[in-house]
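The primary structure of each chain is shown beneath.
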Amino acid sequence: MTTLTESLAEIAQRTRQAAQGLAPQTAAAKNAALEAMAQALEAAAPDILAANQRDCALAQEQGIPSALFARLKLSQTKLEAAIAGVRSVAALPDPVGTVQLHRQLDQGLVLKRISAPLGVLGVIFEARPDAVMQIASLAIKSGNGVILKGGQEATHSCRALVSAIHQGLGATEISPEVVALLTSREETRALLGMDQAVNLIIPRGSNSFVRFIQENTRIPVLGHADGICHLYVDAAADLEKAIPITVDSKTQYPAACNAIETLLVHAAIAAQVLPQIHEALQKAGVVLKGDAATQAIIPVESATEEDWSTEYSDLILAVRVVDSLEAAIAHINTYGSGHTDAIVTEDRAAATQFMNQVDAAGVFHNCSTRFADGFRYGFGAEVGISTQRLPPRGPVGLEGIVTYKYQLEGQGQIVASYSGENAKAFLHQDLPIS
């Protein structure tokens, strides 16, 4: 009898073999495959949306949380945007085979550092069927194979999407087996144990979900556990900017990890700006929770210590009045998750201090935190967002899923010639990078 681990090992092996065939493909071949994939997704759109509607209906019957449902639902507009993302990845420069370093160590001894695929990515996500298209396109462009494991709530959507992707790739030079799909919970555990076959795990979901992944695998993990983002309205803020930025950062897509969860307002302008922000957010259906200073200005629920470290992923916002820029920075560095934080101010020195001292992957000035996104950054799409301090950090596009190798070309040189009394000296001369 074939065990789950054996079956998954076979899938991983096929994916790895397909990735090895993908790695040397030309940019033109990969771009043609992405265009074929986009066309197949467009042709399959009615089936994909029907499958998603089935998932959504089942999820509602089971009482899925509203934030997760928002990520699960795949509208026509959302599908079209994801397909446009596939094409935008095709338009990006090929990240593989780039010479990063070209150095002559000695006459006839030339070193190159060249970008190369990682190998096989394991991507595990809750809901988010659009992640299938984003990640598959980035994997193909970067020469990697990918094993996708969607949440149970998105099973029908993921199957329909991967079926279309396989159909599109089937008419190209690239094997459809570079993209594999797992569908059972048991496979998640098994995948996390495949450190000999999978080179990187990318989780996308709730903080508890990401932490579970991080704590149950020896495979390197790229991701973030929390999205506790802040907006600080400084004493020198332009209120005509501050109010729409606040509303957009909270309400444009409240389930997103880059939506703000806490609003900080300088005490010098709190009495002026909070009533206006309160009115604007109430119109958008946002429930506010505030500290004592906030409650003295606007009628809101009381915020507790727990609220400062809560990712609501919903139309709820914690509000705190602070006495200074330094107090705002201290609050963010205490309670933030290192994702994205923003300041609204016309004081350039204050903005510079905020952006230098806030410890986050994204620090913004006078704009919405919702811009923290691979597609909006021009990456085509993203495999996820990383809040770790080591790179890659922030929205991770193609550059985060390639590595590099050193290639050394010689003419019979040996190390012994460069040691001892009559040792030759290295030239270490940098050569042009073409």
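Bear in mind the structure is a predicted one, so any value in this text is a computation, not a measurement. (Residues numbered from 1 in each chain as written. Predicted model: local features only at pLDDT ≥ 70, side-chain atom pairs only at ≥ 80, totals over all residues. Heavy atoms only, no water.)

**Student:** Any chance you could explain the layout of surface pockets here in plain terms?
**Tutor:** Over the atoms rolls a probe the size of a water molecule, and in doing so it shows where empty space is left. Approximately 1100 Å³ is the volume found for the largest pocket. Forming the walls of the largest pocket are 47 residues, and the residues nearest its centre are Arg128, Asp130, Tyr253, Ala256 and Arg370. Broken down by secondary-structure element, the contributors of at least two residues to the lining of the largest pocket are helix H4 (66-72), helix H5 (76-90), helix H6 (130-141), strand E6 (200-204) and strand E14 (384-386). The biggest single contributor to the lining of the largest pocket is H5, with 6 residues. Of the residues in the lining of the largest pocket, the class split is 20 nonpolar, 14 polar and 13 charged. Reported here for the second largest pocket is a volume of approximately 460 Å³. Forming the walls of the second largest pocket are 21 residues, and the residues nearest its centre are Lys149, Gly151, Gln152, Glu153 and Arg185. Listed by contribution, the elements that provide at least two residues to the lining of the second largest pocket are helix H3 (45-61), strand E3 (120-125), strand E4 (145-150), helix H7 (155-169), helix H8 (185-192) and helix H9 (207-215). (1 Å grid on protein atoms, 1.4 Å probe; cavity = no way out; pocket = protein on both sides within 12 Å on 5 of 7 lines; lining within 4 Å. Points joined across faces, edges and corners; volume = space filled by probe spheres on them. Helix = DSSP H or I, 4+ residues; strand = E, 2+ residues; numbered from the N terminus. Nonpolar A, V, L, I, M, F, W, Y, C, P; charged D, E, K, R; others polar.)

**Student:** Mind showing me how you'd approach H3 here?
**Tutor:** The α-helix advances 3.6 residues per turn, and as a result positions three or four apart in sequence lie on the same side. The end-to-end C-alpha distance of H3 is 24 Å, a good match for the 24 Å that 17 residues give at a rise of 1.5 Å each. Listed as buried for H3 are Ala45, Ile48, Leu49, Ala51, Asn52, Asp55, Cys56 and Ala59. Projected down its long axis, H3 carries its buried residues within an arc of 160°, all on one side. Opposite its buried face, H3 presents the exposed residues Pro46, Asp47, Gln53, Arg54 and Glu61, each directed more than 90 degrees away. Summarising the contacts, the buried residues of H3 are in contact with helix H2 (27-43), H4, H5 and H7. Backbone geometry just downstream of H3 places Gly63 in the positive-phi region, at approximately 75°. (Expected span 1.5 Å × (residues − 1). Buried < 20%, exposed > 50% of the residue type's maximum accessible area, 1.4 Å probe, protein only. Arc of directions from axis to C-beta. Contact = heavy atoms within 4.5 Å.)

**Student:** Teacher, can you tell me more about the environment of Ile83 here?
**Tutor:** Within the element layout of this structure, Ile83 appears in helix H5. For Ile83, a relative accessible area of 5% gives the class buried. If we ignore the near neighbours within four places in the chain, the residues touching Ile83 are Ala38, Leu41, Glu42 and Met133.

**Student:** Hey, could you run me through the sheet that holds strand E13 (residues 362-365) in this one?
**Tutor:** Backbone-to-backbone hydrogen bonds join strands into a sheet, with any given pair of strands oriented parallel or antiparallel. Judged by pairing direction, the sheet is parallel, and its 7 strands sit side by side in the order E10-E9-E11-E8-E7-E12-E13 without closing on themselves. Strands with a single pairing partner mark the edges of an open sheet, and in this sheet they are strand E10 (301-302) and E13. Two elements, strand E9 (residues 287-290) and E10, share 2 bridges in a ladder whose sense is parallel. Each residue of the ladder has a partner; that of Lys289, found in E10, is Glu301. Together, strand E7 (229-233), strand E8 (260-266), strand E11 (316-322) and strand E12 (340-344) form the strand contacts of helix H10 (residues 239-251), whose direction differs from that of E8 by roughly 160°. (Pairing = 2+ DSSP bridges. Axes fitted to C-alpha atoms, helices over the stretch in contact; angles between N-to-C directions.)

**Student:** Looking at this model, I keep getting lost on the nonpolar core. Mind explaining?
**Tutor:** The nonpolar side chains of a soluble globular protein tend to be buried, and buried together. Judged by nonpolar contacts, the single largest core of 59 residues is most densely connected at Leu41, Ile48, Leu79, Ile140, Leu148 and Val179. Top contributing element to this core by residue count: H6, with 8 residues. Excluding its chain neighbours within four sequence positions, the residues that come into contact with Leu41 are Ile48, Ile83, Val86, Met133, Leu161, Ala164 and Ile165. (Core = buried A, V, L, I, M, F, W, Y, C linked by side-chain atoms within 4.5 Å.)

**Student:** Honestly, empty space enclosed by the protein in this entry has me stumped. Any pointers?
**Tutor:** By the definition in use, this model includes 1 cavity of 30 Å³ or more. In this structure, the largest cavity occupies an estimated 40 Å³ of space. Taken together, the elements giving at least two residues each to the lining of the largest cavity come down to H7 and strand E5 (179-182). In terms of residue class, the lining of the largest cavity is built from 4 nonpolar, 4 polar and no charged.

**Student:** Can you help me understand the pattern of salt bridges in this one?
**Tutor:** A side chain with one charge may pair with a side chain of the opposite charge, provided their charged atoms come close. Under the defined criterion, the tally for this structure stands at 15 salt bridges. A salt bridge links Arg218 to Asp195; the shortest N-O distance between them is 3.2 Å. On the criterion of sequence distance, the pair formed by Arg218 in the loop between H9 and E7 and Asp195 in the loop between H8 and E6 is long-range, its members being 23 residues apart. Two residues, Asp359 and Arg393, come together in a salt bridge whose shortest N-O distance is 3.0 Å. Here Asp359 is found in the loop between helix H14 (348-357) and E13, whereas its partner Arg393 is found in the loop between E14 and strand E15 (394-396), with 34 residues between them in sequence. By sharing partners, the salt bridges in this structure join Glu35, Glu42 and Arg87 into a single network. (Salt bridge = Lys/Arg side-chain N within 4 Å of Asp/Glu carboxyl O.)

**Student:** Even after reading the chapter, I still don't get the packing of aromatic side chains, so can you show me in this structure?
**Tutor:** The description of an aromatic ring pair uses the distance of the two centres, along with the angle that the planes make with each other. For the coordinates displayed, the defined rule picks out 4 aromatic pairs. Consider the rings of Tyr404 and Tyr406, whose centres lie 5.7 Å apart with planes at 85°: the pair is edge-to-face. Note on Tyr404: relative accessible area 43%, which makes it partly exposed. Exposure remark for Tyr406: the relative accessible area of 47% places this residue in the partly exposed category. Taken together, a centroid distance of 4.5 Å and an interplanar angle of 10° make the contact between Tyr418 and Phe426 stacked. In this structure Phe426 comes out as partly exposed when scored by relative accessible area, which is 41%. (Phe/Tyr/Trp six-rings, centres within 6.5 Å; stacked < 30°, edge-to-face > 60°.)

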